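Structure at a glance
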Amino acid sequence: KIIIEKERMVMKTLLLAEYKKLHRSKLIFLLVFALMMTLGVVFLQGQFSFGGKKYIDTFGWYILQVQSLTTYFVLPSLIALFGGYIICREEQEDVLKSLKLIPIDESNMITAKMIITLLGSIFVYLILFMVSLIIEAVLHLNAVNMSEVVHYFVVYVLTGIGVFMAISPIIAFVGLVKRSYWIALIIAEIYSFIGIFFASKEVVRAIYPISSVFVLSGLYKTPVMELLISIIVNIGCCFISHRILKKMRVRKK
(Lines give C-alpha, C1' and ligand atoms only; values in the text may rest on other atoms or scores of the structure.)
Protein backbone atom coordinates (compact mmCIF):
# COMPACT_ATOMS: atom_id res chain seq x y z
CA LYS A 1 0.00 0.00 0.00
CA ILE A 2 2.84 2.37 0.83
CA ILE A 3 4.42 1.76 -2.59
CA ILE A 4 1.10 2.31 -4.37
CA GLU A 5 0.47 5.52 -2.44
CA LYS A 6 3.97 6.71 -3.27
CA GLU A 7 3.39 6.02 -6.97
CA ARG A 8 0.16 8.00 -6.83
CA MET A 9 1.89 10.96 -5.22
CA VAL A 10 4.64 10.85 -7.86
CA MET A 11 2.09 10.74 -10.67
CA LYS A 12 0.12 13.64 -9.16
CA THR A 13 3.34 15.67 -8.96
CA LEU A 14 4.22 14.86 -12.57
CA LEU A 15 0.72 15.73 -13.78
CA LEU A 16 0.81 19.05 -11.93
CA ALA A 17 4.24 19.82 -13.37
CA GLU A 18 3.10 19.05 -16.92
CA TYR A 19 -0.01 21.18 -16.45
CA LYS A 20 2.05 24.15 -15.29
CA LYS A 21 4.46 23.80 -18.23
CA LEU A 22 1.57 23.65 -20.69
CA HIS A 23 -0.24 26.50 -18.95
CA ARG A 24 2.75 28.78 -19.61
CA SER A 25 3.06 27.73 -23.24
CA LYS A 26 2.39 30.23 -26.03
CA LEU A 27 0.66 27.43 -27.92
CA ILE A 28 -2.38 28.08 -25.72
CA PHE A 29 -2.93 31.33 -27.63
CA LEU A 30 -2.87 29.36 -30.90
CA LEU A 31 -5.51 27.01 -29.55
CA VAL A 32 -7.77 29.83 -28.35
CA PHE A 33 -7.44 31.64 -31.69
CA ALA A 34 -8.26 28.46 -33.66
CA LEU A 35 -11.34 27.75 -31.55
CA MET A 36 -12.63 31.32 -31.86
CA MET A 37 -12.12 31.23 -35.62
CA THR A 38 -13.96 27.91 -35.89
CA LEU A 39 -16.91 29.13 -33.83
CA GLY A 40 -17.09 32.27 -35.97
CA VAL A 41 -16.84 30.42 -39.28
CA VAL A 42 -19.61 27.97 -38.34
CA PHE A 43 -21.82 30.85 -37.18
CA LEU A 44 -21.35 32.63 -40.52
CA GLN A 45 -21.98 29.38 -42.37
CA GLY A 46 -25.28 29.12 -40.53
CA GLN A 47 -26.48 32.35 -42.12
CA PHE A 48 -26.89 30.59 -45.47
CA SER A 49 -30.43 29.56 -46.30
CA PHE A 50 -32.00 26.36 -47.59
CA GLY A 51 -35.68 26.25 -48.49
CA GLY A 52 -36.15 29.78 -47.19
CA LYS A 53 -34.78 28.92 -43.74
CA LYS A 54 -31.33 29.62 -42.33
CA TYR A 55 -29.33 26.61 -41.20
CA ILE A 56 -28.69 28.17 -37.80
CA ASP A 57 -32.44 28.59 -37.22
CA THR A 58 -32.63 24.86 -36.51
CA PHE A 59 -31.80 23.90 -32.92
CA GLY A 60 -28.84 21.53 -32.77
CA TRP A 61 -27.40 22.49 -36.16
CA TYR A 62 -24.74 24.81 -34.72
CA ILE A 63 -23.61 22.51 -31.91
CA LEU A 64 -23.25 19.55 -34.29
CA GLN A 65 -21.50 21.54 -37.01
CA VAL A 66 -18.95 22.87 -34.51
CA GLN A 67 -18.23 19.33 -33.34
CA SER A 68 -17.89 18.04 -36.91
CA LEU A 69 -15.79 20.90 -38.28
CA THR A 70 -13.34 20.98 -35.38
CA THR A 71 -12.88 17.21 -35.47
CA TYR A 72 -12.13 17.06 -39.18
CA PHE A 73 -10.11 20.25 -39.57
CA VAL A 74 -8.89 21.73 -36.28
CA LEU A 75 -8.57 19.81 -33.05
CA PRO A 76 -6.81 16.54 -34.01
CA SER A 77 -3.87 18.51 -35.40
CA LEU A 78 -3.75 20.91 -32.44
CA ILE A 79 -4.03 18.13 -29.86
CA ALA A 80 -1.29 16.21 -31.69
CA LEU A 81 0.82 19.38 -31.66
CA PHE A 82 0.40 19.80 -27.91
CA GLY A 83 1.05 16.12 -27.25
CA GLY A 84 4.20 16.18 -29.36
CA TYR A 85 5.25 19.43 -27.71
CA ILE A 86 5.09 18.19 -24.12
CA ILE A 87 6.79 14.89 -25.01
CA CYS A 88 9.66 16.51 -26.93
CA ARG A 89 10.05 19.66 -24.87
CA GLU A 90 12.60 18.48 -22.28
CA GLU A 91 14.92 16.93 -24.84
CA GLN A 92 14.70 19.80 -27.34
CA GLU A 93 15.32 22.37 -24.60
CA ASP A 94 18.17 20.24 -23.23
CA VAL A 95 16.76 19.87 -19.71
CA LEU A 96 16.27 16.10 -19.85
CA LYS A 97 19.83 15.54 -18.58
CA SER A 98 19.09 17.64 -15.52
CA LEU A 99 15.89 15.70 -14.85
CA LYS A 100 17.84 12.44 -14.91
CA LEU A 101 20.00 13.71 -12.05
CA ILE A 102 16.98 14.02 -9.72
CA PRO A 103 16.43 11.11 -10.70
CA ILE A 104 13.05 10.85 -12.41
CA ASP A 105 11.31 7.81 -13.86
CA GLU A 106 10.98 8.58 -17.59
CA SER A 107 8.28 5.94 -17.95
CA ASN A 108 6.08 7.73 -15.40
CA MET A 109 6.88 11.09 -16.98
CA ILE A 110 5.77 9.93 -20.44
CA THR A 111 2.61 8.40 -18.95
CA ALA A 112 1.84 11.72 -17.26
CA LYS A 113 2.33 13.56 -20.55
CA MET A 114 -0.13 11.27 -22.35
CA ILE A 115 -2.68 11.62 -19.52
CA ILE A 116 -2.40 15.42 -19.68
CA THR A 117 -2.93 15.26 -23.46
CA LEU A 118 -6.04 13.10 -22.97
CA LEU A 119 -7.45 15.42 -20.30
CA GLY A 120 -6.62 18.41 -22.48
CA SER A 121 -8.50 16.87 -25.40
CA ILE A 122 -11.60 16.30 -23.26
CA PHE A 123 -11.34 19.78 -21.72
CA VAL A 124 -11.12 21.54 -25.10
CA TYR A 125 -14.18 19.68 -26.38
CA LEU A 126 -16.06 20.58 -23.19
CA ILE A 127 -15.20 24.25 -23.73
CA LEU A 128 -16.53 23.98 -27.28
CA PHE A 129 -19.67 22.28 -25.99
CA MET A 130 -20.33 25.00 -23.42
CA VAL A 131 -19.83 27.87 -25.88
CA SER A 132 -21.94 26.15 -28.56
CA LEU A 133 -24.68 25.40 -26.04
CA ILE A 134 -24.77 29.03 -24.88
CA ILE A 135 -25.11 30.22 -28.48
CA GLU A 136 -27.85 27.64 -29.12
CA ALA A 137 -29.66 28.76 -25.96
CA VAL A 138 -29.50 32.41 -27.01
CA LEU A 139 -30.88 31.58 -30.45
CA HIS A 140 -33.40 28.88 -29.48
CA LEU A 141 -34.13 29.17 -25.77
CA ASN A 142 -37.57 27.59 -26.06
CA ALA A 143 -36.24 24.64 -28.07
CA VAL A 144 -33.58 23.61 -25.52
CA ASN A 145 -34.44 20.43 -23.65
CA MET A 146 -32.39 18.49 -21.10
CA SER A 147 -32.35 15.16 -22.95
CA GLU A 148 -30.74 16.69 -26.04
CA VAL A 149 -28.27 18.67 -23.94
CA VAL A 150 -27.17 15.48 -22.17
CA HIS A 151 -26.89 13.72 -25.54
CA TYR A 152 -24.67 16.44 -26.98
CA PHE A 153 -22.60 16.51 -23.78
CA VAL A 154 -21.90 12.78 -24.08
CA VAL A 155 -21.09 13.17 -27.79
CA TYR A 156 -18.54 15.90 -27.08
CA VAL A 157 -16.88 14.03 -24.19
CA LEU A 158 -16.60 10.80 -26.16
CA THR A 159 -15.29 12.75 -29.16
CA GLY A 160 -12.56 14.23 -26.98
CA ILE A 161 -11.55 10.76 -25.80
CA GLY A 162 -11.84 9.27 -29.29
CA VAL A 163 -9.73 11.97 -30.96
CA PHE A 164 -6.94 11.42 -28.43
CA MET A 165 -7.04 7.67 -29.02
CA ALA A 166 -7.01 8.13 -32.80
CA ILE A 167 -4.02 10.48 -32.85
CA SER A 168 -2.04 8.90 -30.00
CA PRO A 169 0.20 6.95 -32.46
CA ILE A 170 1.16 10.26 -34.12
CA ILE A 171 2.13 11.78 -30.76
CA ALA A 172 4.12 8.67 -29.86
CA PHE A 173 5.84 8.62 -33.27
CA VAL A 174 6.94 12.25 -32.91
CA GLY A 175 8.30 11.40 -29.47
CA LEU A 176 10.21 8.47 -30.93
CA VAL A 177 11.87 10.28 -33.84
CA LYS A 178 12.43 13.44 -31.75
CA ARG A 179 11.83 15.79 -34.66
CA SER A 180 10.05 19.13 -34.45
CA TYR A 181 6.68 18.68 -32.76
CA TRP A 182 5.17 20.80 -35.56
CA ILE A 183 5.41 17.65 -37.69
CA ALA A 184 2.66 16.20 -35.51
CA LEU A 185 0.35 19.05 -36.57
CA ILE A 186 0.98 18.46 -40.29
CA ILE A 187 0.56 14.68 -40.11
CA ALA A 188 -2.57 14.89 -37.95
CA GLU A 189 -4.14 17.53 -40.22
CA ILE A 190 -3.76 15.31 -43.29
CA TYR A 191 -4.82 12.27 -41.28
CA SER A 192 -8.03 13.93 -40.02
CA PHE A 193 -8.90 15.55 -43.37
CA ILE A 194 -8.85 12.15 -45.11
CA GLY A 195 -11.57 11.03 -42.69
CA ILE A 196 -14.08 13.20 -44.56
CA PHE A 197 -13.99 10.81 -47.52
CA PHE A 198 -15.03 7.88 -45.31
CA ALA A 199 -17.70 9.68 -43.28
CA SER A 200 -20.67 8.57 -45.42
CA LYS A 201 -19.48 5.03 -46.12
CA GLU A 202 -20.91 2.39 -43.83
CA VAL A 203 -18.45 0.04 -42.08
CA VAL A 204 -15.47 1.85 -43.68
CA ARG A 205 -16.14 4.91 -41.51
CA ALA A 206 -15.84 2.67 -38.45
CA ILE A 207 -12.47 1.37 -39.64
CA TYR A 208 -10.72 4.67 -40.34
CA PRO A 209 -9.73 6.06 -36.88
CA ILE A 210 -10.84 9.69 -37.26
CA SER A 211 -14.21 8.92 -38.83
CA SER A 212 -14.69 6.10 -36.32
CA VAL A 213 -14.66 8.75 -33.58
CA PHE A 214 -18.09 9.88 -34.79
CA VAL A 215 -19.37 6.31 -34.56
CA LEU A 216 -17.84 5.90 -31.11
CA SER A 217 -19.32 9.17 -29.83
CA GLY A 218 -22.84 8.19 -30.86
CA LEU A 219 -23.21 10.99 -33.39
CA TYR A 220 -24.13 8.49 -36.09
CA LYS A 221 -26.95 6.01 -35.66
CA THR A 222 -25.04 2.89 -36.62
CA PRO A 223 -25.40 -0.87 -36.22
CA VAL A 224 -23.82 -2.47 -33.16
CA MET A 225 -21.20 -4.09 -35.40
CA GLU A 226 -19.92 -0.68 -36.55
CA LEU A 227 -19.73 0.50 -32.95
CA LEU A 228 -17.73 -2.57 -31.95
CA ILE A 229 -15.37 -2.07 -34.90
CA SER A 230 -14.81 1.57 -33.96
CA ILE A 231 -14.04 0.59 -30.35
CA ILE A 232 -11.54 -2.04 -31.53
CA VAL A 233 -9.93 0.42 -33.96
CA ASN A 234 -9.44 3.10 -31.30
CA ILE A 235 -8.12 0.62 -28.76
CA GLY A 236 -5.77 -0.59 -31.50
CA CYS A 237 -4.49 2.98 -31.93
CA CYS A 238 -3.75 3.15 -28.21
CA PHE A 239 -1.94 -0.20 -28.40
CA ILE A 240 0.20 1.05 -31.30
CA SER A 241 1.12 4.21 -29.39
CA HIS A 242 1.96 2.10 -26.33
CA ARG A 243 4.32 -0.06 -28.40
CA ILE A 244 5.99 3.00 -29.91
CA LEU A 245 6.47 4.63 -26.50
CA LYS A 246 7.80 1.37 -25.12
CA LYS A 247 10.32 1.25 -27.95
CA MET A 248 11.31 4.83 -27.13
CA ARG A 249 11.98 3.88 -23.50
CA VAL A 250 14.07 0.86 -24.54
CA ARG A 251 16.10 3.02 -26.93
CA LYS A 252 16.87 5.52 -24.15
CA LYS A 253 18.03 2.76 -21.83
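Worth saying up front: this structure is predicted, and the values here are computed from it rather than measured.

Considerations on the side chain of S212
With respect to the element layout, S212 can be found in helix 9 (residues 209–217). The class of S212 is buried, set by a relative accessible area of 0%. Setting aside residues up to four positions removed in sequence, S212 forms contacts with R205, A206, S230, V233 and N234.

Re the pattern of salt bridges
Taken as a whole, this structure holds 1 salt bridge when the rule is applied. Between R205 and E226 there is a salt bridge; the shortest N-O distance is 3.1 Å. One end of the pair, R205, is in helix 8 (residues 204–207); the other, E226, is in helix 10 (residues 224–252), and 21 residues separate them in sequence. In terms of burial, R205 and E226 fall into one category: buried.

A look at unusual backbone geometry
Unusually for a residue other than glycine, V203 sits at a positive phi of about 70 degrees. Relative to the helices and strands, V203 is located in the loop between helix 7 (182–194) and helix 8.

Describing the packing of aromatic side chains
The relative placement of two aromatic rings is captured by the distance of their centres and the angle of their planes. Counted under the stated rule, the structure contains 11 aromatic pairs. With 6.3 Å between their ring centres and 70 degrees between their planes, Y125 and Y156 make a pair best called edge-to-face. Here Y156 lies in helix 6 (residues 146–177) and Y125 lies in helix 5 (residues 106–139), a separation of 31 residues in the sequence. The burial state of Y125 is the same as that of Y156; both residues are buried. Between F193 and F197, the ring centres sit 5.7 Å apart and the planes meet at 85 degrees, which makes this aromatic pair edge-to-face. Using a relative accessible area of 37% as the deciding quantity, one classes F193 as partly exposed. By the ring-pair criterion, three or more aromatic residues cluster together here, those being Y125, F129, F153 and Y156.

Observations regarding the packing of helix 6 against helix 9
Relative orientation and spacing of two packed helices are given, respectively, by the angle between their axes and the distance between those axes. Helix 9 packs onto helix 6 with a crossing angle of 150 degrees between their chain directions and a minimal axis gap of 8 Å. Here helix 9 runs roughly antiparallel to helix 6, going by the angle between their axes. The element helix 6 and its partner helix 9 pack so that their crossing is right-handed. For the pair helix 6 and helix 9, contact is made by V155, L158, T159, G162, V163, A166 and I167 and by P209, I210, V213, L216 and S217, respectively. Taken together, the residues of the contact of helix 6 with helix 9 break down into 9 nonpolar, 3 polar and no charged.

Focus on the side chain of K113
Structurally, K113 can be placed in helix 5. A relative accessible area of 1% means that K113 is categorised as buried. For K113, the side chain forms a polar contact with the main-chain oxygen of I86, separated by 2.4 Å.

A word on the nonpolar core
One finds L75, I167 and Y191 to be the most contacted residues of the largest nonpolar core, which totals 59 residues. Contributions of two or more residues to this core are made by helix 2 (27–45), helix 3 (61–92), helix 5, helix 6, helix 7, helix 9 and helix 10. By residue number, the principal contributor to this core is helix 3, which donates 16 residues. Other than its neighbours up to four places away in sequence, L75 contacts L31, L35, T70, V124, Y125 and L128.

Thoughts on helix 7
With 13 residues, helix 7 should cover 18 Å at 1.5 Å per step; its first-to-last C-alpha distance of 19 Å lies within 8% of that length. Listed in full, the buried residues belonging to helix 7 are A184, A188, Y191 and S192. The buried side chains of helix 7 occupy one side of the element, clustering within an arc of 90 degrees when seen end-on.

Quick look at the packing of helix 6 against helix 7
Contact geometry of helix 6 with helix 7 gives a least axis separation of 10 Å together with a crossing angle of 155 degrees. When the interaxial angle is binned, helix 6 and helix 7 end up roughly antiparallel. Relative to helix 7, helix 6 is oriented so that their crossing is right-handed. From helix 6, A166, I167, I170, F173 and V174 reach across to helix 7, where they touch A184, I187, A188 and Y191. Looking at the contact of helix 6 with helix 7 residue by residue, the classes come out as 9 nonpolar, no polar and no charged.

So, how was this worked out
Sequence order as written defines residue numbering, which begins from 1 separately in each chain. Totals for whole chains, interfaces and linings use all residues, but because this is a predicted model, local features are given only for residues with pLDDT of at least 70 and pairs of side-chain atoms are given and counted only at 80 or more. Hydrogens and waters are ignored; side-chain quantities use all the structure's heavy atoms. Helix and strand assignments come from DSSP, with helices taken as H or I runs of at least 4 residues and strands as E runs of at least 2, each series counted from the N terminus. The classification of residues rests on relative accessible area computed with a 1.4 Å probe and restricted to protein chains. Under 20% of the type maximum is buried, over 50% is exposed, and intermediate values are partly exposed. Every residue pair with non-hydrogen atoms within 4.5 Å of one another is taken to be in contact. Here, a salt bridge means any side-chain nitrogen of Lys or Arg that lies within 4 Å of a carboxyl oxygen of Asp or Glu. Pairing of aromatic side chains requires ring centres within 6.5 Å, counting the rings of Phe and Tyr and the six-membered ring of Trp. Pairs whose planes differ by under 30 degrees are stacked, by over 60 edge-to-face, and all others tilted. For helices, the fitted axis covers only the stretch in contact; all axes are lines through C-alpha atoms, and the angles between them, taken along N-to-C directions, range from 0 to 180 degrees. Should an angle fall under 35 degrees it is taken as roughly parallel, and over 145 as roughly antiparallel, whereas 65 to 115 is taken as roughly perpendicular and any remaining angle as oblique. Here is the rule for handedness: rotate from the far helix to the near one, and if that takes an anticlockwise turn smaller than a right angle the crossing is left-handed, while a clockwise turn gives right-handed. Residues are grouped as follows: Ala, Val, Leu, Ile, Met, Phe, Trp, Tyr, Cys and Pro are nonpolar; Asp, Glu, Lys and Arg are charged; every other residue, Gly included, is polar. Residues adjacent in sequence count toward polar contacts only when both atoms are side-chain atoms; beyond that, a polar contact is any pair of N or O atoms within 3.5 Å, and within protein one must be able to donate a hydrogen and the other to accept it. Take the buried residues of types Ala, Val, Leu, Ile, Met, Phe, Trp, Tyr and Cys, join any two whose side-chain atoms come within 4.5 Å, and each joined set is a nonpolar core. What a helix should span is 1.5 Å times the count of its residues minus one. Regarding the arc, it is the one traced by the directions from the helix axis to the C-beta atoms.

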